[in-house]
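The chain contents come next:
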Amino acid sequence: MRTRTKSEMKMHDLFINNARLFEELCTKPRLTSGYLKVRKNQGAAGIDGVSIEDFGNKLDEELSQLLKELVDWTYRPKAVKAVEIPKPGSNTDKRRLGIPCVRDRVVQAAIKELIEPILEPTFSDNSYGFRPGRSPHDAVLKAKEIVEQEGKGFVVDLDLEKFFDKINHDRLIARLGDKIQDKRILRLIGLMLRSGIMKDGVVSSTEVGSIQGSPLSPLLSNVVLDELDKELETRGHKFCRFADDCNIFVSTYKAAERVMSTITEFIERRLKLKVNAQKSKVAKSKEVKFLGFTIINGKIAIAKAAIDRAMDKVKILTPRGTHLSTKDSISQINKWFRGWSSYYSLGQYPAQLAKIEAHIRRRLRARIVKQQKRRSHLCNKLVKRGISRRAASKVVYSNKGTWRLSHERVLERAFPNKWFIETLGQVVSSTTKLPHWFDVKTWIRLP
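Per chain, the residues get numbers from 1 upward, laid out in the order the sequence is written. Predicted model: local features are reported for residues with pLDDT of at least 70 only, side-chain atom pairs are reported and counted for 80 or more only, and whole-chain, interface and lining totals are derived from all residues. Only hydrogens and water are set aside when side-chain values are computed; all heavy atoms of the structure are taken into account.

K.L.:
Looking at this structure, I do not really get unusual backbone geometry. What am I missing?
P.N.:
Across residues other than glycine, the phi torsion is negative in most instances, and most of the peptide bonds are trans. Notably, L291 is not glycine yet its phi reads approximately 55°, a positive angle. By the secondary structure assignment, L291 is in the loop between β8 (281-284) and β9 (293-296). Since its relative accessible area comes to 17%, L291 is described here as buried. A positive phi angle, near 55°, is found at N297, a position not held by glycine. Helix numbering and strand numbering both begin at the N terminus, where a helix is a DSSP run of H or I of at least 4 residues and a strand a DSSP run of E of at least 2. Within the element layout of this structure, N297 appears in the loop between β9 and β10 (299-302). Relative accessibility thresholds used throughout: buried, under 20% of the residue-type maximum; exposed, over 50%; partly exposed, between the two (1.4 Å probe, protein chains only). Given the relative accessible area of 69%, N297 is considered exposed.

Encoded structure:
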């Protein structure tokens, strides 16, 4: 059987009978499409140890077996493998992720492909997370528009406590049932939600929650939080939501406090979720970070927390003691900085990017100083780099430590920015001059 192309599959989806989704799921082309999405996203093996490569090597056999189990209703998703990763910006908090087996990810990806076109048109225009054609940048730009053009400079910054762990299964299935007519698909989703989680070899039941890391969990989270979106729209609030990160914009501090109280009550009573009182707050927009950015005076700046995390990352990538050459270190740094600076280029102050770039160079200059072992060696190296012996000696034989020396004028002349950029290949983004940027000399003071 010939596998339908991506464009053919999309056209085909427009004519699928909502009441007969299960029949469409139980086809080789649909499961193959699910596998291709799983392969594209990569990921580790689940509790059965079968990798994506292993699954692909026996693709026809694996899909045939899956198809048989689905048709016979003998299919049972396996427990997901639990892993924990640090939450960004925290040294103690952990985010729990789950890794389903590849075969279960294939089924989930195929189900998502089937039901997303049905659910997507019903979602709020103010929801930006995990949706086709929408991105974090779109959400931040909308937030900027609300603050700048509508003058709503106070923010209700809502943080949902362990959101994915506390999703109520019954409410979720009921919400899905309002849109999905085929109850067999709902039954399959229910099996997946209750498949359990394995940690340290022990399987625990999952009576609530949707494990992050599965193909379906982002879509299901939007189904749950769409109820919040609709409530906010009914009340006439201006807001932006990206997954469980929601900012509501109002004109006064008093109004913000009132909205915080009433919406918290709605979330906890109606949605059966928990608002984290310690992390949620009412504040001016310049004091709130949203997806790594802050809206200050109607302009977009990289949030202080994001800058601090970047500084920490640079420190990790530039240890004083390493076997890597400076050029090899820069190559490693570039891999991270290309992606980081690309995301944060939405900010309007390239000086913030320049600060990170300068910090990278100073860390590397400090390493060069440290590697010389003796002050005389450092003095000789500076002389070889074109510094007069008198100037080099005056700085090198001072009582200044490594970090202070790295910022001395003679060190910056010996190892100038141009040397790092043109000779060693340091990636520099602050000179790109994007249309929405201010001059690189324009600085922004973060609260």
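The structure having been displayed, the exposition proceeds.
K.L.:
Can you help me understand the environment of L232 in this one?
P.N.:
Mapped onto the elements, L232 comes out in helix α10 (residues 217-234). When the C-alpha atoms of L232 and P416 are compared, they prove to be 54 Å apart, with 184 residues separating the residues in sequence. In this analysis, two residues are considered to be in contact whenever any of their non-hydrogen atoms come within 4.5 Å of each other. Contacts of L232, omitting those with residues within four sequence positions, involve H237, F239, C246, I248 and I263.

K.L.:
Teacher, can you tell me more about the sheet that holds strand β7 (residues 245-250) here?
P.N.:
To summarise the sheet geometry, strands pair through backbone hydrogen bonds and adopt either a parallel or an antiparallel arrangement. Strand pairing follows a simple DSSP-based rule, namely that at least 2 bridges must link the two strands. The strand order across the open sheet built from four strands is β6-β7-β3-β8, with neighbouring strands paired in antiparallel fashion. Because the sheet does not close on itself, it has two edges, and the strands there are β6 (238-242) and β8. The mean angle between the axes of side-by-side strands here comes to 20°, regardless of whether they run parallel or antiparallel. Between the N-to-C directions of two axes lies an angle of 0 to 180 degrees, each axis being a line fitted to C-alpha atoms and, for a helix, fitted only over the stretch in contact. Along the sheet, α10 contacts β6 and β7; its crossing angle with β6, the most-contacted strand, is approximately 175°. The strands touched by helix α11 (residues 253-269) within the sheet are β3 (154-159), β7 and β8, with β3 carrying the most contacts at an inclination of about 25°.

K.L.:
Would you mind showing me how to read empty space enclosed by the protein here?
P.N.:
Where empty space is left can be seen by rolling a probe of water-molecule size over the atoms. Buried and open spaces are told apart on a 1 Å grid over the protein atoms alone, a cavity being a set of points where a 1.4 Å probe fits but cannot get out and a pocket being an open set with protein on both sides within 12 Å along at least five of seven lines. Residues with an atom within 4 Å of a point are the lining residues. Grid points are joined across faces, edges and corners, and a volume is the space filled by probe spheres set on the points. Taken as a whole and assessed by the stated rule, the structure comprises five cavities of 30 Å³ or more. Approximately 190 Å³ is the volume found for the largest cavity. Around the largest cavity sit 18 residues that line it, and Q108, M192, L193, I211 and S214 are the ones nearest its centre. When contributions to the lining of the largest cavity are tallied by element, the ones reaching two or more residues are α6 (102-119), α9 (183-193) and α10. Taken together, the residues of the lining of the largest cavity sort by class into eight nonpolar, eight polar and two charged. Considering the residues around the second largest cavity, the lining is formed by A143, V155, N247, F249, S285, V288, F290, F293, T294 and I295. Mapped onto the lining of the second largest cavity, the elements with two or more residues apiece are β7 and β9. Here the term charged refers only to Asp, Glu, Lys and Arg, the term nonpolar to Ala, Val, Leu, Ile, Met, Phe, Trp, Tyr, Cys and Pro, and the term polar to all other amino acids, Gly among them.

K.L.:
Please explain the nonpolar core as it appears in this structure.
P.N.:
Generally speaking, soluble globular proteins have nonpolar side chains that are buried together. What we call a nonpolar core is a set of buried Ala, Val, Leu, Ile, Met, Phe, Trp, Tyr and Cys residues that are connected through their side-chain atoms within 4.5 Å. One finds L25, I111, I115 and I267 to be the most contacted residues of the largest nonpolar core, which totals 65 residues. For this core, the element with the highest residue contribution is α6, accounting for nine residues. The residues contacting I267, other than those within four sequence positions of it, are L158, L160, L228, K272, L273 and V275. Core analysis: the next-biggest nonpolar cluster, separate from the first, contains 55 residues, V140, F290, I356 and W419 among them.

K.L.:
Looking at this model, I keep getting lost on the side chain of E227. Mind explaining?
P.N.:
By the element assignment, E227 lies in helix α10. If we skip the residues at most four places from it in the chain, E227 touches R171, R175, F266, R270 and L271.

K.L.:
Just checking my understanding: could you explain the pairing of β7 for this structure?
P.N.:
Two faces, one strand: in a regular strand the side chains alternate between the faces of the sheet. Judged by how many residues are buried, β7 sits mostly within the fold: five of six residues are covered. As defined by bridge partners, β6 adjoins β7 across five bridges and the pair is classed as antiparallel. Each bridged residue has a counterpart across the sheet, and for C240 the counterpart in β7 is N247. Hairpin remark: β6 followed by β7, antiparallel, with two residues in the connecting loop; positive phi at A243, about 55°.

K.L.:
Honestly, helix α3 (residues 28-41) in this entry has me stumped. Any pointers?
P.N.:
Given 3.6 residues per turn, any residue in an α-helix points the same way as the ones three and four places further on. Given a rise of 1.5 Å per residue, 14 residues ought to cover 20 Å, and the 20 Å separating the end C-alpha atoms of α3 matches this to within 8%. Within α3 the residues assigned to the buried category are P29, R30, L31, T32, S33, G34, Y35 and V38. Phi turns positive, to about 60°, at Q42, one or two residues after α3. Every helix has an expected span of 1.5 Å times one less than the residues it contains.

K.L.:
Help me understand the pattern of salt bridges in this model?
P.N.:
Between side chains of opposite charge, a pair can form when the charged atoms approach closely. By definition here, a salt bridge exists when the distance from a side-chain nitrogen of Lys or Arg to a carboxyl oxygen of Asp or Glu is within 4 Å. Per the stated rule, a full pass over the model turns up 28 salt bridges. With a closest N to O distance of 2.7 Å, D226 and K230 form a salt bridge. Residue D226 and its partner K230 are both found in helix α10; the two are separated by four residues, about one turn of the helix. Across the pair E227 and R270 runs a salt bridge whose closest N-O atoms are separated by 3.3 Å. Taken together, the residues span a long stretch of sequence, with E227 in helix α10 and R270 in the loop between α11 and β8 at a distance of 43 residues. Look at E227 and you get buried, because its relative accessible area is 9%. With a relative accessible area of 44%, R270 lands in the partly exposed category. Taken together, the shared-partner salt bridges connect R171, R175, D226, E227, K230 and R270 into one network.

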